[in-house]
Amino acid sequence: MDLAINNGKIVEKINENKAKVIDASGMIVMPGGVDIHCHIAGTDVNTGRLLRPEDHFRDVEAKTAVTRSGVGYSIPSTFTTGYRYSRMGYTTLMNPSMPPLEARHTHEELEDTPMVDKATYPLLGDWWFVLEHLRDGLIEECAAHVAWIMAATRGYAIKIVNPGGLEAWGFGSNVKSLDDTVPHFNITPREIIRGLCKVNKLLNLPHTIHVHTNNLGKPGNYVTAIETMKCVEDLAEENRPNIHITHCQFSAFKGSDWQTMSSGAEEIAKYVNHHNHVTLDMGQVIFTNTTTMTADGPFQYGLYQLSGNKWVNHDVETETSGGIVPFTYRRKSAVNATQWSIGLELALLIKNPWKIYLTTDHPNGGPFTSYPTIITWLMSQAARKKTINKIHKRARRNSLLTSIEREFSFYEIAIVTRAGQAKTLGLTQKGQLGVGADADVAIYNVNHKLVDPSKKYKKVRRAFKKAAYTIKGGEVVVKDGEIVKTVSGKTFWVDVKTSLPLEVNDDLKRKFREYWTVEYENYPLRKGFLHNPAPISIKAEV
Amino acid sequence: MTIVTGVTCPVCGTFCDDIELVVENNVIVDVKNACAMGAAKFLNYATHRNLKPLIRKNGELIETSLNEAVGKAAKILADANYPILYGWSCTSCEAIRVGLELAEEVGGVIDNTSTVCHGPSILSVQDVGIVSCTLGQIRHRADLIFYWASNPWSAHPRHIERYTMFTEGRFQKSTWKGYISRLGGVLSRKRLRRAANLVLRRDIPATPKIERHLPYTMFQKKRKMVVVDTRKTRTAEAADYFLQIEPNKDYELLQVFRMLIQNEELNVDKVAGVPIELLEEVADVMLDCKLGVFFFGLGLTMSEGKHRNIDTAISLTRDLNQRTKFLIMPMRGHYNVTGVNVVFTWQTGYPYAVDFSRGYPRYNPGETSVIDILSRGESDAGLSIASDPVAHFPREAVQNLVKNPLIAIDPEVTPTTLMADVVIPSSFMGIETEGTAYRMDHVPLPLKKVVEPPKTCLSDVEILQRILSQVRKLRRTSN
């Protein structure tokens, strides 16, 4: 079968005599990879870079004729991030946590991340405007504010991190369940999630709400994860997803403390298999040294106390918080090994691959460069077994993996690494190779007819590590795993048209002055701030 | 006449964004809301500036065309083996991004002014992390504010008014009324004493002793301010507590606080010249607060102990988080010195002292920081932008800096531009050119263009882009 590309799009036909021809016979052709959740830009990521020179010293990339120099490993510099994703055949990245106040920073870094299209989600779960409007039951006003913030910060989806917990962290506490009251605001996490889920529907946003659950990283939290999914069950319509639980592995711990911690993947998979309003991503753990960073300040504090490693906290006024702790996942730690097992169990036990996507929550579970390894774990029982034999004894005994025979096909891998992610993101141009789609193509040098991925998994891993070709917007940017051309991608954002846009009056300006330490006019990004914006126009229901 | 509102002030790290300017015929005639430093810059920036590019011929700086100056600058950089590119803290992030590309292209060392100010703070962050926040968090929530070895009243004049004591947040009231009445009390006591001296024909007494007892306001439920410094500054006069410590004893005092908050008893009378009872009181205040914050200045980073002082300060903050909520923040000086660290870090992984001589970024302060390179006499060319190293570097470093060809990009006439071989005047960032800069708490804000620059002055971004493309041309032809 031939694939024709013209003007950056997949087309029906093209004049073959004039066209450049790439012979991909005996190779696998997929749409360019889509990563739904990777921390690649913004205050937290960059402070992580600053925090860890030791992470960079041994992993450097020198300048070449076409590329800029940079450093790795778990938190690579911006250019290197773009190159490394591109070498693996990825072309679209979603940066999941942007404090609205620091939107400029996130976008400046995204502009310096070449080779990929990107978008970013503003953190809205603890935004005072959201808390106050939802508390007062003003869903439509809340929607108007959310529509405004999407345009003001050039955001793509509603990100909710530990709803209510981050506001409580302002004074050093946290919320413990979905029905705990947020101090000073008289609202519960349940109301925040449900409220924003309704807002998401009113605004017709392309993606669902993107939720990092309460109690993340605590034994017994799989109950909270299931509760969170349940709490918007009644808001779902006709099998369409309305909530995305991100890095679900970190929210799938069973047990009452770290000694009894075990996997809650089975229960979560059971729930997801019976409900169609949820999508998940894995948040797979890799045995390596990495840098954990989330907007979940209290969780990061807990991790600091647990590990004793250096700790960064960054609270953002009126909006959110953030934390960073370097961390090493060890095979011989029962907890870490169980975490490794949980991620794979989730992916393998959830029957429908369109509901779960491959991520490491880069760099929290491990750097994105380990995706090819995870692909082999999903495709080959032998590859899994090799790692299982090396992990902590108790974790091995409790792991469900030994009893799971499922092995992903290449087709399923294509779903969990691009098609499914593009679908749930509402990026209709991505994750597919139909006529009219963006010409983002990845070609991997592995013959699915000759190579049995369950046995020759090393070969598969090599192929996914270095794409034979990556085509971005119709241009060959990677050949044999090396960058041959640098391109800068687009930045998607949603331009929501509401019938009553947020009225900017003196009252609102005064409120801005009271809530933030910046003036109203300096809060939104000015027009022209992004060099390559790709607004998606949407008509809202309000 | 036009009024421009919401202007950011390109002076100090407080980076106020509520300035109002009145502009008449392309001249700023009035400034509202700014402090004395800010107003002085907006009103007088144009009085002492270079308008034409200069080039040194036969030992004298003579006027030249922009193209020639750019060409000469590019030649100097392209010919050099190990050039240094220094400054960057008073320009926009956009310019810094081009600067990094230039440094990478010429295989030089790029460094910024944090190398001489909060460099030790950055080393500490790399050692132990940092527990910080944005300034609004302090405004809304902090009920205990420490200024440690910093004097915002003089150096960051609106810091107290906008972010800490004299501002009203959601959970905290402003304390400016209390301050005014206390100030009134102090003044009238002084007046009474003076009158009594006159009546009783006493000689004017020597400077009063430092009062170390608790001020009455300590027992009110309100925001409290503690100042730790070696001398009684204006900030200290406004404080509820003032700990006047002996110079270079900060490390000792911080370690003592770390012990005191763990309820350890100390068998000494004084630490750093402060009675232990007072320190115990302050430690209790720390533990009792809802949210406390340390702001620390160069008095801590550049006195004896350097980054070890900050290590301890951050560790104390971490310890305090076991009992209450506590945060810490460096008082950054220039308006975009935070931004320069941020941009360096996202492009290279390192915040300052980045060496590109091997084709990839390398970082080893002490080896790759400019003062050390200059002291060892290793560089063979220099570019200074938006800073004044000749006035501020150690003498030996300056000698080596001016010995080699030196390019200066700066709107003003400074000792550096007077000693340079090529001077390219730029427009004033944040007044004549727009861009982005980062406040001391990492909040990015826009720099605005309020008036048109003189025709002969390009922006830093354009000048650097021209030099970069010239350098590329020269390197292509030489290959």
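Residues numbered from 1 in each chain as written. Chains lettered and ligands numbered in written order. Predicted model: local features only at pLDDT ≥ 70, side-chain atom pairs only at ≥ 80, totals over all residues.

Participant: Explain the interface of chain A and chain B to me, and be specific about the residues and the numbers.
Facilitator: Between chain A and chain B, the residue contacts involve 44 residues of the former and 50 residues of the latter. Where the side of chain A that touches chain B is concerned, the elements lending two or more residues are α1 (43-51), α2 (53-56), β5 (60-61), β6 (70-71), α4 (103-111) and β16 (311-315) of chain A. Split by residue class, the side of chain A that touches chain B holds 14 nonpolar, 15 polar and 15 charged. In terms of strand pairing, β16(A) meets strand β8 (residues 129-133) of chain B through 5 bridges, oriented parallel. Counted as the bridge partner of Val312(A) is Ile130(B) from β8(B). (Contact = placed C-beta atoms within 7 Å. Helix = DSSP H or I, 4+ residues; strand = E, 2+ residues; numbered from the N terminus. Nonpolar A, V, L, I, M, F, W, Y, C, P; charged D, E, K, R; others polar. Pairing = 2+ DSSP bridges.)

Participant: Go over the domain arrangement of chain B, please, and point to the residues and values.
Facilitator: Split into domains, chain B comes out as domain 1 (50-116 + 335-431 + 453-478) and domain 2 (119-330). Its C-alpha centre places domain 1 of chain B at a distance of 39 Å from the equivalent point of domain 2 of chain B. (Domains from an automatic or database assignment.)

Participant: Can you tell me about unusual backbone geometry, naming the residues and giving the values?
Facilitator: That bond from Gly72(A) to Tyr73(A) is cis: its omega, -10°, falls within 30 degrees of zero. Positionally, Tyr73(A) belongs in the loop between β6 and α3 (78-87). Positive phi, close to 65°, is recorded for Asn248(B), a residue that is not glycine. A tally of 13 C-beta atoms within 10 Å means that Asn248(B) is categorised as partly exposed. (Buried ≥ 20, exposed ≤ 12 C-beta atoms within 10 Å, placed from the backbone.)

Participant: Describe the sheet that holds strand β5 (residues 60-63) of chain B, and please don't skip the residues or the numbers.
Facilitator: All names here are of chain B. With mixed pairing, the 9 strands of this open sheet are ordered in space as β5-β4-β20-β19-β18-β6-β7-β16-β17. Two strands in the sheet have a free side with no partner beyond their single neighbour: β5 and β17 (362-363). By the bridge criterion, 3 bridges tie strand β19 (residues 406-409) to strand β20 (residues 422-424) in an arrangement that is parallel. Bridge pairing in β20 places Ile407 opposite Val422. This element, helix α2 (residues 66-79), spans β4 (54-57), β6 (83-87), β18 (381-385), β19 and β20 of the sheet and lies at about 125° to β20. Along the sheet face, helix α3 (residues 93-106) touches β6, β7 (109-112) and β18 and points at about 165° away from the line of β6. (Axes fitted to C-alpha atoms, helices over the stretch in contact; angles between N-to-C directions.)

Participant: Please give an account of the sheet that holds β16(A) that cites residues and values.
Facilitator: Adjacent strands of a sheet form backbone hydrogen bonds with each other and so pair up, either parallel or antiparallel. Within the open sheet, the 4 strands sit side by side as β15(A)-β17(A)-β16(A)-β8(B). Their pairing is mixed. The open sheet is flanked by β15 (289-294) of chain A together with β8 of chain B, the only strands paired with a single partner. With strand direction ignored, the average angle separating the axes of adjacent strands in the sheet is 20°. Bridge count for β15(A) against strand β17 (residues 323-328) of chain A is 6 bridges, and the pairing is antiparallel. Bridge pairing links Asn289(A) to Thr328(A) in β17(A). Each of β15, β16 and β17 of chain A together with β8 of chain B touches α1(A); the most contacted strand, β16(A), lies at about 150° to it.

Participant: With reference to specific residues and values, describe the pairing of β5(B).
Facilitator: The side chains of a regular strand alternate, residue by residue, between the two faces of the sheet. Residue and element names in this part refer to chain B. With 4 bridges joining them, β4 and β5 adopt antiparallel strand pairing. Bridged to Arg56 within β5 is Leu61. Between β4 and β5, which pair antiparallel in sequence order, lie 2 residues; one of them, Asn58, sits at a positive phi of approximately 50°.

Participant: Outline the environment of Leu279(B), supporting the account with residue identities and numerical values.
Facilitator: All names here are of chain B. Along the chain, Leu279 falls in helix α11 (residues 276-288). For Leu279, a count of 21 C-beta atoms within 10 Å translates into the label buried. Residues Leu279 and Phe257, 22 residues apart in the sequence, show an inter-C-alpha distance of 7.5 Å. For Leu279, the contacting residues outside a window of four places in its chain are Val256, Leu260, Val271 and Val274.

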